[in-house]
Amino acid sequence: MGSNMAECHPVAFRWPLKAKLNGAKLIHVDPRFTRTSAVADLHVPIRAGSDIAFLGGLINYVVNSGRWNSDPFFKEFVVNYTNAATIINKDFKDTEELEGVFSGLNTFSEPASWPYNGNQGRYDPASWGYERDPKAPGPVTADLIARRAGPPFDDLVRSLKPGPAHKDPTLQNPQCVFQILKRHFSRYTPEMVEQICGSPKDKFIQVAEALLANSGRDRTSAFAYAVAWTQHTYGVQMISCCALLQLLLGNIGRPGAGVMALRGHAAIQGSTDVPTLYHSIHGYMNAPSALRPHESLRAYMAAETTPTSYYGNTPKFLVSYLKSMYGEAATVENDFGYDWHPKILGDHSHIASFSAMADGKIKGMVCVGQNPATSLNGGATRGALRQLKWLVVKDNWLTETATHWYLGPEVKSGAVKIGDIQTEVFFFPSTQIAEYDGSFTNTQRMLQWHSFATKAPGDCRTDTWFYHNLAKRMKRLYAASTASRDQGWKNLLWEFDPGPGETPLYPGEPSARKILREINGYVTATPEQHLKGFGELKDDGSTTCASWIYCGAFPAWDQNLTARRTPDPPGVPGAHLAWGWAWPANRRVMYNRASADLKGNPWSERKRWVWWDPTFVNPPDPKTGVKPPHGKWVGYDVPDFAATKAPDAQPKPDGIGLDALSGTQPFIMRADGRGWLFVPAGLVDGPLPTHYEPHESPVQNLLYPKHQMSPVHKVWAAGKPYNQLAVVGDPKFPYVITTYRLTEHYLAGAMSRWLPWLSELQPELFIEMGKGLAQEKGIKNLDLVIISSPRGHIRAKALVTDRIGVLNVAGKQIHHVGMPWHWGWMGLSTGDVVNDLTSWVGDPNVSIHEGKAFVCNVERA
């Protein structure tokens, strides 16, 4: 679901096909019948944007099925490994009680400091929490912050521990998670799914029965999704809904199970791990924010540390990161330079930034490896770019972003005069991937080293060269400054020039291995002593590590584990642990303690993965010489658990981190050690997935008529002429449109439309439409058509097909159309910009746009 894996991730798709050859059943739920559908056992059509209704229907079907209620495996997994038994705050009210919203909804006004957050409303999640006993007596967090306690910061972390949560293992308490969940999804029946999604009832039931038949002790099922699940105003909740379903089926933490995010680029995973994101620093720690209680180092730790999970080690991750930023200048006395670290003001994501740019609030932009002139609401984006004083573009070719000021459609039409654009544009030619050393992190979280193959032509330079030399120049510019705001730059640790024996590929090129060492971490006093894993990190400044999740990838200068390429022998079960290196700690299945039962035994021989070996003889403690008891977690993978914690181990009364969890709590990154069916904290749009319509929809919300769309989703530039939005059922825009990718082209086309072979294979832009719509509009195959939305219009050739068509939704015949979005005006193959049709609306958790479900009109040109 949410993916055309065969065409958009063809290399990865060989594994589902291998599974099918071994007898697995392959199901594709998608608005279009694609090459993925063609090799699937079952294709189920669905209206774009209605996936939560479909998944919610599966949840309702599963928990009311005879198979789920009669097989003891499911109850054992759900009661012990999820929060199904936990009692929720008595003040919590569900959408079923409040006609489409959760308790805690209130209005929201943007802060004056940064009025570009886009929020339409906000939830106060206080009522979503667990019902708890009082906290244990002990030091008060505020007092520890005030007297600057630590390092070590264990007392601060311990002060954050809440009281024990109430539970009902019988799952009968009406306020327990399981009963709330059952009521929440009770109206998501097969008949309702058919009405909302347009998916035939009989096919929906086939999917539900297939999942039930292929889940349990001996069998597991996996979901794979891509951006057709993320690019919605409730995209995070779609994925959360799938995770909820998989937890109910016992399909998390086990081999052949899980929820696989299919990344569309060789290192997209890496670009969020070592982030190019505004809201996080390395290893998914939240960026310090002026809008959160992040006033000081300890205040940040108190706000961001989950004391009863592995995140209880956050002070160690953070201090090691700050040492990576500021080196010797980061000391205990100055809180490791925390006050020098930049703080965000709010939402600085793509659309928020371009909305601010359109208002003249952003003066300059460095654009590397991105082509926003063909991106979200293209007309508005290009208008924003024209407000800049300066623009730097670094890319392989002259992209649409580099040339919008003289070749953009607004300029070509005469609507904008070149002389009126005051932006100074700089272009830096970039290398290709085979022209330098570095690493990819793929969709499996696996780092794989790639080596230089050939020199780049002319003045092309790597991205690392660009940022390395820019940083060195910035440090020189700030060197004489005495302003407090500039101390971060003055003290920035930046030592990546090649060392003895290293020959730079290009003049001024940094050492890729030194960068990897900085990410991996080392002992601060002896940088040549690399860290072997994040268990070695300290909160006193004695360790330096940029990204805790990558710690262990480069344990010694001559041990680059990301460069390994040794597969497991044929026929030997395993996880290919000697091929590359996967974070965290080289484990390939996260939360894999859940692959064993309460006693630590595999759920079945067929699904054996990680298990407890009570006979394993552990070596003595190297510091104390004390011999620990026998027993260790072993298996085909690196166990995602405390290695010697026995299944019957109990939490330590004053324990923090893993010491606060028992031997049967496998989800060690969650505060209660359990998978969350109900999300008490962390999501801003509700603790349970709920069906809402896309912002632009041809139909009313059948489940919650009083709340058409998410009450807290984001809209930027609301009411402005460049972001007009259609009303529900707008007769001017009656058709659902979704955008998609082709195998032959890549993203906005800057890496593919310049290649003659690929341009010949997919030479021009098209719109895929059903035969019924084509007949209704008098459109023949290959006719030129005009596609319009409230933001603009484009031209494309018609591809009239049976692969996409009409769905019966809420008693209405709804036509679907689809368009690839790879084109622009540069390159060998050119075409109109499909993203000119999209809008600036998005998900409230991560601010991603809604590009997979909006409305349009189609007319013969």
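Just so it is clear, the structure is predicted and the values come from calculations on it, not from any experiment.

Conventions adopted
Residues numbered from 1 in each chain as written. Predicted model: local features only at pLDDT ≥ 70, side-chain atom pairs only at ≥ 80, totals over all residues. Heavy atoms only, no water. Buried < 20%, exposed > 50% of the residue type's maximum accessible area, 1.4 Å probe, protein only. Helix = DSSP H or I, 4+ residues; strand = E, 2+ residues; numbered from the N terminus. Contact = heavy atoms within 4.5 Å. Pairing = 2+ DSSP bridges. Axes fitted to C-alpha atoms, helices over the stretch in contact; angles between N-to-C directions. Parallel < 35°, antiparallel > 145°, perpendicular 65-115°, else oblique. Left-handed = near helix turned anticlockwise from the far one by under 90°. Nonpolar A, V, L, I, M, F, W, Y, C, P; charged D, E, K, R; others polar. Phe/Tyr/Trp six-rings, centres within 6.5 Å; stacked < 30°, edge-to-face > 60°. Lys NZ or Arg CZ within 6 Å of the ring centre and 35° of its normal. Patch = residues over 30% accessible without salt bridge, like charges linked within 9 Å, V, L, I, M, F, W, Y side chains within 5 Å. Areas by Shrake-Rupley, 256 points an atom, 1.4 Å probe, with all protein chains shown as cover. Salt bridge = Lys/Arg side-chain N within 4 Å of Asp/Glu carboxyl O. Right-handed = clockwise from strand over helix to strand, strands pointing away. Polar contact = N/O pair within 3.5 Å; in protein donor to acceptor, adjacent residues only side chain to side chain.

Student: Which residues make up helix 18 (residues 378-385), and what values go with them?
Tutor: Helix 18 sits mainly inside the fold: seven of its eight residues count as buried. Residues of helix 18 that are buried in the fold lie against helix 17 (350-358), strand 9 (364-368), strand 10 (390-395), helix 19 (400-407) and helix 20 (409-412).

Student: An account of the sheet that holds strand 11 (residues 424-429) is needed here, citing residue identities and associated values.
Tutor: Taken in spatial order, the three strands make up an open sheet running 9-10-11, and their pairing is parallel. With one partner strand each, in any of the chains shown, strand 9 and strand 11 form the two edges of the open sheet. Direction aside, the axes of adjacent strands within the sheet are offset by 10 degrees on average. Pairing analysis gives six bridges linking strand 10 to strand 11, with the strands arranged parallel. Within the sheet, the bridge partner assigned to Val392 lies in strand 11 and is Phe426. Sitting on the sheet, helix 19 touches strand 9, strand 10 and strand 11, and the angle it makes with strand 10 is about 130 degrees.

Student: Quick one: what's the story with the pairing of strand 28 (residues 854-860), residue by residue and with numbers?
Tutor: Burial runs high along strand 28: five of the seven residues are buried. Pairing of strand 21 (residues 735-740) with strand 28 involves three bridges; the strand directions are antiparallel. When the bridges of strand 28 are listed, Tyr735 appears paired with Cys856. Both strand 23 (residues 784-789) and strand 28 contribute to a ladder of four bridges, which runs antiparallel. Bridge pairing in strand 28 links Ser788 to Asn857.

Student: I'd like a description of the packing of helix 15 (residues 297-304) against helix 16 (residues 314-326), backed by residues and values.
Tutor: Running from N to C, helix 15 and helix 16 point in directions that differ by 140 degrees, and their axes come no closer than 10 Å. Judged by the angle between their axes, helix 15 and helix 16 are oblique. The chirality of how helix 15 crosses helix 16 is right-handed. Contact with helix 15, carried on its side by Leu297, Tyr300, Met301 and Glu304, involves Thr314, Pro315, Leu318, Val319 and Leu322 of helix 16 and no other residues of that element. Per-class residue counts for the contact of helix 15 with helix 16 are seven nonpolar, one polar and one charged.

Student: Please give an account of the packing of aromatic side chains that cites residues and values.
Tutor: In the structure shown here, the tally under the stated rule is 41 aromatic pairs. Taking 5.7 Å as the distance between ring centres and 10 degrees as the angle between the ring planes, the aromatic pair formed by Trp68 and Phe178 counts as stacked. One end of the pair, Trp68, is in helix 5 (residues 66-70); the other, Phe178, is in helix 9 (residues 177-184), with 110 residues separating them in the sequence. Like Trp68, the residue Phe178 is buried in the burial classification. Looking at Arg445, its charged tip hangs above the ring of Trp583, at a distance of 5.7 Å from the centre. When the ring centre of Tyr506 is taken as reference, the NZ or CZ atom of Lys455 above it lies at 5.8 Å.

Student: Explain the sheet that holds strand 16 (residues 543-544) to me, using residue names and the numbers behind them.
Tutor: With antiparallel pairing, three strands are arranged side by side in an open sheet as 15-14-16. In this open sheet, the two strands that pair with only one neighbour each are strand 15 (526-530) and strand 16. Sheet analysis places strand 14 (residues 522-523) next to strand 16, joined by two bridges and oriented antiparallel. Of the residues in strand 16, the one forming a bridge with Tyr522 is Thr544. Its contacts with the sheet place helix 23 (residues 512-520) against strand 14, strand 15 and strand 16, and it is angled at close to 80 degrees to strand 15.

Student: Tell me about the packing of helix 4 (residues 51-63) against helix 11 (residues 201-213), and please be specific about residues and values.
Tutor: At a minimum axis distance of 10 Å, the contact between helix 4 and helix 11 shows a crossing angle of 55 degrees. Viewed along their axes, helix 4 and helix 11 adopt a mutual orientation that is oblique. Of the two possible hands of crossing, helix 4 and helix 11 adopt the one that is right-handed. Here Phe54, Gly57, Leu58, Tyr61 and Val62 of helix 4 come into contact with helix 11, specifically with Phe204, Ile205, Val207, Ala208, Glu209, Leu211 and Leu212. Broken down by class, the residue content of the contact of helix 4 with helix 11 amounts to 10 nonpolar, one polar and one charged.

Student: A description of a nonpolar patch on the surface should follow, citing residues and the corresponding values.
Tutor: Judged by side-chain polarity, Val366, Trp390, Phe426, Phe428, Tyr467 and Leu470 come together as a nonpolar surface patch covering roughly 500 Å² of accessible area. Secondary-structure elements contributing two or more residues to the nonpolar patch are strand 11 and helix 21 (463-478). Tyr467 sits in the partly exposed class, given a relative accessible area of 41%.

Student: Please give an account of the pairing of strand 9 that cites residues and values.
Tutor: As paired elements, strand 9 and strand 10 share five bridges and run parallel to each other. By the bridge assignment for strand 10, Gly364 is matched with Trp390. Crossover connection from strand 9 via helix 18 to parallel strand 10: handedness right-handed.

Student: Which residues make up the environment of Arg217, and what values go with them?
Tutor: Relative to the assigned elements, Arg217 resides in the loop between helix 11 and strand 5 (223-225). With 374 residues separating them in the primary sequence, Arg217 and Tyr591 have C-alpha atoms 17 Å apart. Those residues in contact with Arg217 that sit more than four places away from it in its chain are Phe73, Glu76, Arg254, Trp603, Ser604 and Lys607. Within the structure, the side chain of Arg217 is placed 3.3 Å from the backbone oxygen of Trp603, a separation counted as a polar contact.

Student: I'd like a description of the side chain of His691, backed by residues and values.
Tutor: The topology assignment puts His691 in the loop between strand 19 (632-635) and strand 20 (714-715). Classification of His691 as buried rests on a relative accessible area of 1%. For His691, the side chain forms a polar contact with the side chain of Glu693, separated by 3.0 Å. His691 has contacts with Arg47, Ser50, Ile52, Ala53, Tyr188, Ile196, Asn701, Leu703 and Tyr704, leaving out every residue within four places of it along the chain.

Student: Tell me about the environment of Arg183, and please be specific about residues and values.
Tutor: Within the element layout of this structure, Arg183 appears in helix 9. Residue class for Arg183 comes out partly exposed when judged on its relative accessible area of 36%. When the C-alpha atoms of Arg183 and Phe223 are compared, they prove to be 25 Å apart, with 40 residues separating the residues in sequence. In contact with Arg183, not counting residues within four places along its chain, are Glu96, Pro174 and Gln175. At 2.8 Å, the side chain of Arg183 forms a polar contact with the backbone oxygen of Pro174.

Student: Which residues make up the pattern of salt bridges, and what are the values?
Tutor: The full count for this structure, using the stated rule, is 31 salt bridges. In this structure, Glu96 and Arg187 form a salt bridge, with 2.8 Å as the shortest nitrogen-oxygen distance. Separated by 91 residues along the polypeptide, Glu96 in the loop between helix 6 (72-81) and strand 3 (105-106) and Arg187 in the loop between helix 9 and helix 10 (190-197) bring together distant segments of the chain. Owing to a relative accessible area of 27%, Glu96 belongs among the partly exposed residues under this scheme. The exposure class assigned to Arg187 is partly exposed, which follows from its relative accessible area of 30%. Between Glu191 and Lys201 there is a salt bridge, with its nearest N and O atoms 2.6 Å apart. Within this pair, whereas Glu191 is found in helix 10, its partner Lys201 is found in helix 11, the two being separated by 10 residues in sequence. Shared partners join several salt bridges into a network, and the residues in it are Arg382, Arg386, Glu410 and Asp836.

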